[in-house]
Amino acid sequence: MDGAETPADRPTLSVVVPVHGVEAYLATCLDSILAQPGAEDVEVVAVDDASPDGSGRLLDRYAARDPRVRVVRLTENAGLGGARNAGAAHATGDYLWFVDGDDWLPPGAVAAVRERLAGTRPDVLIVEHAEVFPDGRVVARPSGPALGGRSVPLRLADRPELLTLAQSACTKLVRRAFLAGSGLSFRPGWYEDCAYSHPLLIAAGSIDVLERDCYHYRQRPRDRITATLSSRHFEVFDQYASVFGWLATTGGAAPDRFRPDLFRVMLDHYLVIVGNDFRLPPEARRAFFRRMAADYRRWLPPAGYPRPGGVAGLKHRMVRHDAYLVWAVLRAAHRAAGRLRRSLRPRPTRPAPTTSNAPAGADT
């Protein structure tokens, strides 16, 4: 039919799946990609990142029966960022999609993504995602509000608010030739996504946003770094240093115009980490706050930045003045007030028993 899209018109797609210790979830992930309409010629580059479980054997079984699956094996654990870099180096598709081995794609995601890529051919395509919790709850994370009614594709200068979206690389498909030309890659360590996603959006010549849930992010409280008490959360400072260092070396007015927005995103990110009971060991919180204050002085744009109002703005001022004790006291007071409010809530009353002819103990 005239004007209809043919398979040759569609950009080819490589899905890079880093794999480490996810044997229990890996089949769900791979099946969610391979069984979808539109995935008939999709390439899956699965990276066995020296996984300690049976993930490697499972990958070999998939590769043996499905030519779309290619396995890259690393002899030493490279971490999430290193595994993604290795997979990207072996990919051949026009576009790359990073999908973590414990997550999955909802039905219709591949076809929807490829249709949009065929229509607009952007450097970066942002897709919406949902968080799926162990109790079955699905919480959508829409990106539409950040567009503010603007048409797509666009450049980041048209909508800097895109920097405030989830930093996850998994929600950003990238044109492989553009990524190679930009020189961007994942850095080692925790919070690797922020040092990748922000420069990616700044460097992109065109950004499209598909307002459709195309990625399901499995929430595993015991295994997420965001719920892990560790001093490794300090690695976030190196990741943002990389971002601002990249801005300095890139040069020009275009990248530099995003410095104020990035500065605010950085501070908000730091404040989330320092205020979370499940990330920093209590004895490390003061040192982390001090590093925040140092980064405030180090990266503050000469012309300032859009400081928020209200409580958020108050927190920013505390960081500016390195007022850890004030912040800690107000944090403790806020949490105490929250506990008090919860204790004062009326408890639901149980209904009075009713007369029934059912035998004692029977379901009614």
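Because the structure is a prediction, the values reported are computed rather than measured. (Residues numbered from 1 in each chain as written. Predicted model: local features only at pLDDT ≥ 70, side-chain atom pairs only at ≥ 80, totals over all residues. Heavy atoms only, no water.)

Some details on the overall build of the protein
Condition: Put simply, DSSP marks the helices as runs of H or I at least four residues long and the strands as runs of E at least two long, and each gets a number from the N terminus on. Whether two residues are in contact is decided by their heavy atoms, any of which lying within 4.5 Å being enough. Note on areas: these come from Shrake-Rupley sampling with a 1.4 Å probe, and a residue is covered only by the protein chains present in the view.
In terms of helices and strands, the protein carries 13 helices and eight strands. Taking as baseline every contact in the protein between residues at least 6 positions apart, the subset at least 24 positions apart corresponds to 79%. With the model as given, the accessible surface of the protein reaches about 18200 Å², and the carbon-plus-sulfur share is 53%.

Observations regarding the pattern of salt bridges
So the rule is basically this: By definition here, a salt bridge exists when the distance from a side-chain nitrogen of Lys or Arg to a carboxyl oxygen of Asp or Glu is within 4 Å. We call a residue buried when its accessible area falls under 20% of the maximum for its residue type, exposed when it is over 50%, and partly exposed in between, using a 1.4 Å probe and counting protein chains only.
Considering all chains together, one arrives at 18 salt bridges under this definition. Asp-41 is paired through a salt bridge with Arg-114; the nearest N and O atoms lie 2.5 Å apart. With Asp-41 in the loop between α1 (23-34) and β2 (43-49) and Arg-114 in helix α4 (residues 109-120), this pair connects stretches of sequence that are 73 residues apart. Given a relative accessible area of 36%, Asp-41 falls into the partly exposed group. When salt bridges with common partners are traced through the structure, they connect Arg-84, Asp-100, Glu-192 and Asp-193 into a single cluster.

Thoughts on the environment of Arg-150
Structurally, the position occupied by Arg-150 is in the loop between α5 (144-147) and β7 (172-175). Classification of Arg-150 by relative accessible area gives partly exposed; the value is 43%. Leave out the neighbours within four places in its chain, and Arg-150 touches Asp-158 and Arg-159.

Describing the side chain of His-129
With respect to the helices, strands and loops of the structure, His-129 is situated in strand β5 (residues 124-132). Apart from the residues within four sequence positions on either side, His-129 is in contact with Val-139, Ala-140, Arg-141, Ala-166, Thr-171, Asp-213 and Tyr-215.

Things to note about the layout of surface pockets
As a reminder, the rule being used: Using only the protein atoms, space was sampled on a 1 Å grid; points where a 1.4 Å probe fits but cannot get out form cavities, open sets with protein on both sides within 12 Å along at least five of seven lines form pockets, and lining residues are those with an atom within 4 Å of a point. Grid points are joined across faces, edges and corners, and a volume is the space filled by probe spheres set on the points. Each residue gets one of three labels, nonpolar for Ala, Val, Leu, Ile, Met, Phe, Trp, Tyr, Cys and Pro, charged for Asp, Glu, Lys and Arg, and polar for the others, Gly among them.
Its volume calculated, the second largest pocket comes out at about 320 Å³. Contributing to the lining of the second largest pocket are Leu-271, Gly-275, Val-311, Leu-314, Lys-315, Met-318, Trp-327, Leu-330, Arg-331, His-334 and Arg-335. Counting only elements with at least two residues in the lining of the second largest pocket, the list comes to α12 (310-320) and α13 (324-344). No other element matches α13, which puts five residues into the lining of the second largest pocket. Partitioned by chemical class, the residues of the lining of the second largest pocket number six nonpolar, two polar and three charged.

Examining the packing of helix α10 (residues 259-274) against helix α11 (residues 285-299)
Worth spelling out the cut-off: Axes here refer to lines fitted to C-alpha atoms; in helices the fit is confined to the stretch in contact. Angles between the N-to-C directions go from 0 to 180 degrees. Each angle gets one of four labels, with under 35 degrees taken as roughly parallel, over 145 as roughly antiparallel, 65 to 115 as roughly perpendicular, and the rest as oblique.
Axis separation between α10 and α11 bottoms out at 10 Å; the angle between their running directions is 175 degrees. Comparing their axes, α11 and α10 come out roughly antiparallel. Two secondary-structure elements touch here, α10 through Phe-263, Met-266, Leu-267, Tyr-270, Leu-271, Ile-273 and Val-274 and α11 through Arg-285, Phe-288, Phe-289, Met-292, Asp-295, Tyr-296 and Trp-299. Counted by class, the contact of α10 with α11 contains twelve nonpolar, no polar and two charged residues.

Looking at the nonpolar core
Threshold: To qualify as a nonpolar core, a set must consist of buried Ala, Val, Leu, Ile, Met, Phe, Trp, Tyr and Cys residues joined through side-chain atoms within 4.5 Å.
Counting residues in each nonpolar core, the largest one holds 68 residues, and the members touching the most others are Leu-162, Val-174, Phe-288 and Met-292. Counting residues per element, this core draws most heavily on α10, which supplies nine residues. What Phe-288 contacts, discounting residues up to four positions off in sequence, is His-233, Phe-234, Val-236, Phe-237, Tyr-270, Ile-273, Val-274 and Leu-280. Grouped together as the second largest cluster of nonpolar side chains are 34 residues, Cys-29, Ala-46, Val-110 and Val-113 included.

Let's talk about the pairing of β5
We count it as follows: Strand pairing follows a simple DSSP-based rule, namely that at least 2 bridges must link the two strands.
Burial runs high along β5: nine of the nine residues are buried. Alternating residues of β5 divide into Val-124, Ile-126, Glu-128, Ala-130 and Val-132 and Leu-125, Val-127, His-129 and Glu-131, and every residue in both groups is buried. By the bridge criterion, three bridges tie β5 to β7 in an arrangement that is antiparallel. Bridging across to β7, Val-124 finds its partner in Val-174. Note that β5 and strand β8 (residues 207-218) share nine bridges and pair parallel. By the bridge assignment for β8, Val-132 is matched with Arg-218. Sheet analysis places β5 next to strand β6 (residues 138-141), joined by four bridges and oriented antiparallel. Bridge pairing in β6 links Ala-130 to Ala-140.

Observations regarding the pairing of strand β4 (residues 95-98)
Each regular strand displays side chains that alternate between the two surfaces of the sheet. Burial along β4 is two-sided: Tyr-95 and Trp-97 facing one way and Leu-96 and Phe-98 facing the other are all buried. Direction of pairing for strand β1 (residues 13-19) relative to β4: parallel, over a ladder of four bridges. The partner of Ser-14 across the bridge, within β4, is Leu-96.

A word on the packing of α10 against α12
Packed helices, taken two at a time, are described by the angle their axes make and the gap between the axes. Their axes nearest at 11 Å, the elements α10 and α12 cross at an angle of 90 degrees. Judged by the inter-axis angle, α10 sits roughly perpendicular to α12. Where α10 approaches α12, its residues Arg-264, Leu-267, Asp-268 and Leu-271 are matched on the opposing element by Lys-315, His-316 and Val-319. Tallied by class, the residues present in the contact of α10 with α12 amount to three nonpolar, one polar and three charged.

A look at the packing of aromatic side chains
Put simply, the rule is: Under the pairing criterion, centres of Phe, Tyr and Trp rings, with the six-membered ring standing for Trp, must be within 6.5 Å; the plane angle then separates stacked pairs below 30 degrees from edge-to-face pairs above 60, leaving the rest tilted.
By the definition in use, this model includes 16 aromatic pairs. Ring centres of Phe-263 and Tyr-296 lie 5.1 Å apart, and the angle between their planes is 75 degrees; on these two criteria the pair is classed as edge-to-face. Of this pair, Phe-263 sits in helix α10 while Tyr-296 sits in helix α11, and the two are 33 residues apart along the sequence. A relative accessible area of 0% means that Phe-263 is categorised as buried.

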